[in-house]
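Single-letter residue listing:
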Amino acid sequence: MAFKDTRKTPVEPEVGIHRIKIILTSRNVKSLEKVCANLIRGAKKNNLKVKGPVRMPTKPLRITTRKTPCGEGSKTWGRFQLRIHKRLIDLHSPSKIDKQITSISIEPGVEAEVTIADA
Amino acid sequence: MPHRKKKPFIEKKKAVSFHLVHRSQRDPLAADETAPQRVLLPTQKIKDEERRAEQRKYGVFFDDDYDYLQHLREPSGPAELVPTDTCGAPYREDEKEEALATSTTGIKLPSSVFASEFEEDVGLLNKAAPVSGPRLDFDPDIVAALDDDFDFDNPDNLLEDDFILQANKPTEEEEGMETQKSEAEDDSEWEDVDDEKEGGSDDDKYDPAGSSDEDMSSPGKPLGAVENHFFWEEETKSHFTEYSLTSSVMRRNEQLTLHDERFEKFYEQYGDDEIGALDNAELEGSIQVDSSRLEEVLNDYYKEKAENCVKLNTLEPFEDQDLPVNELSGSEEEIVTVVLEEAKEKWDCESICSTYSNLYNHPQLIKYQPKPKQIQLSSKTGIPLNVLPKKGLTAKQVERMQMINDSDLPKVSTQPRSRSESKEDKRARKQAIKEERKERRLEKKANKLAFKLEKRRQERELLNLKKNVEGLKL
């Protein structure tokens with residue numbers, strides 16, 4: 001019979017591993033996906049535990065206005081939209097590799113917010 | 001949702017957030033290639049109300065959700081380095097200030113990931129930018145000359161033709177004489193009249209001071225002879241004064257100036273006076289053929305040659321085999337067979353065709369045969385169009401048409417408008433014109449319809465005739 005090992009293994013490893021959450025927001029999907037792919041590729045290369053890009057529902061900011069500058073004419077309305085895409089990436093990484101995170105090439109137009117917590 | 005109490009990946013209270021931004025141009029590490037070009041900038045989580053209060057302090061009275069504080073800037077004074085209390089982890093202190101809860105988490109991150117504490121005044125990209133605005137380091141007389149109102153015709157403002165000679169006048173004279181001379185020569189200098197006194201007083205100051213610190217960084221400026229006197233003594237010209245200025249666009253701070261001076265000193269070592277004995281300089285004189293020196297030189301030469309020969313001897317057997325092969329292959333490579341192509345005869349279609357005999361070849365011009373038009377039936381009469389001859393008008397009909405009938409002419413609209421017309425008259429007239437036009441319209445419509453019907457009838461008749469009557473033998 002095998003006994004379950006009830007002794008708790010130390011959850012927190014000795015090395016300073018941080019939990020990093022990266023939130024990427026952008027207006028265009030292509031560059032956002034590119035940055036996501038780069039990040040995940042880099043993390044996997046360093047054998048880090050990555051939780052793949054979680055895609056938040058995209059928020060369309062809508063503005064509907066009359067097309068005309070004056071009030072004359074048949075009442076035509078124009079619908080404008082700005083789509084914001086958001087991706088989340090979770091990593092477990094030691095502090096030394098953190099440096100590489102800052103050196104990923106970020107496309108213009110993609111905003112990255114990094115939240116770091118101790119594991 | 002069954003799993004509401006799932007542990008979140010990162011607890012907000014124990015974590016620190018950053019924005020990943022490009023490194024500031026003012027950061028000295030911006031020029032460093034090993035340092036990451038992006039830094040983590042801690043986010044500020046101030047509440048709306050506090051932020052608005054802060055904004056109002058700086059004169060921003062908008063009450064929306066936008067953070068106007070990000071556009072405010074520190075007044076740019078000289079950056080000071082203030083020693084921190086702990087030599088250890090300065091960033092840790094920063095994070096402690098930012099963290100909302102009483103977290104003692106010191107998240108250890110390499111310091112190159114953050115922006116440097118010390119920022120230079122001028123950013124990296126701005127250093128090479130040309131300086132605009134009033135250049136205060138220029139001489140006042142230069143500034144005056146660059147001014148638009150400078151009077152070039154004033155004889156006082158002209159440059160002396162022999163200013164080089166004047167500048168090179170002997171400096172053994174006493175300084176007292178020089179000052180007098182300076183004042184006398186001031187009149188002949190090309191200074192602006194207003195600046196004369198200034199120039200004179202300046203020169204007086206130069207005398208007791210001895211060496212002046214004025215750095216003549218732009219050579220080739222025509223100076224007054226007096227100023228040259230003093231500068232000649234002071235040797236502000238450097239070895240590199242005559243060089244191009246493109247590299248001196250970068251403004252020199254103290255460290256760089258020190259560096260420049262040190263290099264100057266170092267470069268003096270290579271001055272003409274400093275160069276030591278030249279071993280291979282040309283020597284003049286004659287030497288005896290059998291002198292000992294010559295013998296030694298010859299012996300050295302033979303020794304070297306002997307060594308080389310020895311080397312060859314050991315390698316020869318191998319090289320012998322290799323050499324001919326190499327030679328052959330080399331020569332083979334050199335021999336390039338040039339294949340000469342005979343000049344082929346060029347044929348074209350016409351000439352080829354002309355070779356055919358006419359027994360078998362009957363050329364013909366290709367004629368263009370347009371598609372024969374389909375017979376189109378008129379939708380109204382059923383008769384094919386463009387088949388029946390068009391009927392013309394008889395002479396009587398033509399005459400009658402040309403005759404203008406009185407009844408056809410309009411009456412009311414042709415009457416001239418009388419000057420004194422009352423409103424009623426005007427209204428009546430206009431009504432009459434409208435009536436006339438209405439009648440005319442009706443007439444036209446009736447006419448059109450009549451013509452159409454008539455045309456149809458005639459066409460039918462003709463067809464009938466053609467079909468039934470024509471060619472009937474009676």
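Each chain has its residues counted from 1, running along the sequence as written. Numbering of ligands from 1 and lettering of chains from A proceed in the order in which they are written. Only residues with pLDDT of at least 70 get local features here, since the model is predicted, and only at 80 or more are side-chain atom pairs given and counted; chain-wide, interface and lining totals rely on the full set of residues. Side-chain descriptors were evaluated using all non-hydrogen atoms of the structure, hydrogens and water having been removed beforehand.

S.K.: What should I look at first to understand the overall build of chain A in this one?
M.R.: Helix numbering and strand numbering both begin at the N terminus, where a helix is a DSSP run of H or I of at least 4 residues and a strand a DSSP run of E of at least 2. Within chain A, the regular secondary structure consists of two helices and four strands. What you see in chain A, going N to C, is helices and strands ordered as β-α-β-β-α-β. Taken over 119 residues, chain A has a buried fraction of 34%. A contact between two residues is defined here by any heavy atoms of the two lying within 4.5 Å. Excluding contacts between residues fewer than 6 apart, the proportion of contacts in chain A whose partners are at least 24 apart in sequence is 73%. All accessible areas in this document rest on Shrake-Rupley with a 1.4 Å probe, and a residue is counted as covered only by the protein chains that are shown. Carbon and sulfur atoms make up 56% of the accessible area of chain A, which totals about 8400 Å². Throughout this description, buried means an accessible area under 20% of the type-specific maximum (1.4 Å probe, protein chains only), exposed means over 50%, and partly exposed covers the range between.

S.K.: What exactly am I supposed to notice about a nonpolar patch on the surface here?
M.R.: Residue and element names in this part refer to chain B. Among the surface-exposed residues, Phe 263, Phe 266, Tyr 267 and Tyr 270 lie close enough to one another that they form a single nonpolar patch of about 410 Å² accessible area. Structurally, Phe 266 is set in helix 9 (residues 254-268). With a relative accessible area of 40%, Phe 266 lands in the partly exposed category. Two joining distances apply to patches: 9 Å for like charges and 5 Å for nonpolar side chains (Val, Leu, Ile, Met, Phe, Trp, Tyr), and every residue must have over 30% relative accessible area and no salt bridge. The rule for a salt bridge is simple: a side-chain nitrogen of Lys or Arg has to be within 4 Å of a carboxyl oxygen of Asp or Glu.

S.K.: Explain the interface of chain A and chain B here, please?
M.R.: In many analyses, interface size is given as the accessible surface area lost on bringing the parts together. Taken residue by residue, the interface counts 24 residues in chain A and 23 residues in chain B. Put simply, buried area is the surface a 1.4 Å probe can reach on two separate parts but cannot reach once they are joined, added for both. Here chain A meets chain B over a buried area of about 2000 Å², counting both sides, of which 64% is carbon and sulfur. Between chain A and chain B we count zero salt bridges in total. Elements supplying a minimum of two residues to the side of chain A that touches chain B: strand 1 (17-26), strand 3 (77-94), helix 2 (95-102) and strand 4 (110-118) of chain A. In terms of residue count, the dominant contributor to the side of chain A that touches chain B is strand 4 of chain A (eight residues). Looking at the side of chain A that touches chain B residue by residue, the classes come out as nine nonpolar, six polar and nine charged. Of the pairings in the sheet, the one linking strand 4 of chain A to strand 1 (residues 16-22) of chain B comprises five bridges and is antiparallel in character. Bridging across to strand 1 of chain B, A:Thr115 finds its partner in B:Ser17. Residues are grouped as follows: Ala, Val, Leu, Ile, Met, Phe, Trp, Tyr, Cys and Pro are nonpolar; Asp, Glu, Lys and Arg are charged; all remaining types, including Gly, are polar. For two strands to be treated as a pair, DSSP must find at least two bridges joining them.

S.K.: Would you mind showing me how to read the confidence of the model for chain B here?
M.R.: Do not read the predicted coordinates in detail wherever pLDDT is low. All names here are of chain B. For chain B, the mean per-residue pLDDT works out to 71, and 64% of the residues sit at or above 70. Known as pLDDT, the predictor's per-residue confidence is scaled from 0 to 100. Throughout residues 87-105 the model reports pLDDT below 50, and contacts reaching past four residues in sequence, or to other chains, amount to 19 contacts. In the model, residues 318-331 has pLDDT below 50 throughout and makes four contacts with residues more than four positions away in sequence or in other chains. Scoring the predicted complex yields pTM 0.37 and, for the interface, ipTM 0.72.

S.K.: I tried to follow the pattern of salt bridges on my own but got confused; where do I start?
M.R.: Opposite charge on two side chains lets them pair, provided their charged atoms get close. Evaluated as defined, the whole model comprises 11 salt bridges over all chains. One salt bridge connects B:Arg440 with B:Glu443, and the closest N-O pair in it is separated by 2.9 Å. Taken together, the residues B:Arg440 and B:Glu443, both in helix 13 (residues 423-469) and three residues apart, mark about one turn of the helix. Put simply, B:Glu461 and B:Arg457 hold a salt bridge, and the shortest N to O gap is 3.0 Å. On the criterion of helical spacing, the pair formed by B:Glu461 and B:Arg457 is a turn pair, its members being four residues apart in helix 13. The partly exposed category is assigned to B:Glu461, whose relative accessible area is 45%. When salt bridges that share partners are traced, they join A:Glu33, A:Arg55 and A:Arg87 into one network.

S.K.: Help me understand the nonpolar core, please; the structure alone is not making it clear to me.
M.R.: If you look at soluble globular proteins, the nonpolar side chains tend to sit buried side by side. We define the nonpolar core as a collection of buried residues of types Ala, Val, Leu, Ile, Met, Phe, Trp, Tyr and Cys that are connected through side-chain atoms lying within 4.5 Å of one another. Ranked by internal contacts, the top residues of the largest apolar core, which has 26 residues, are A:Leu24, A:Ile89, B:Phe18 and B:Leu40. If you list the elements that add at least two residues to this core, you get strand 1, helix 1 (29-45), strand 3 and strand 4 of chain A together with strand 1 of chain B. Considering every element that reaches this core, the biggest residue donor is helix 1 of chain A, with six residues. The residues touching A:Ile89, leaving out its near neighbours within four places in the chain, are A:Ile20, A:Lys21, A:Ile22, A:Leu24, A:Cys36, A:Leu39, A:Ile40, A:Val50, A:Lys51 and A:Pro53.

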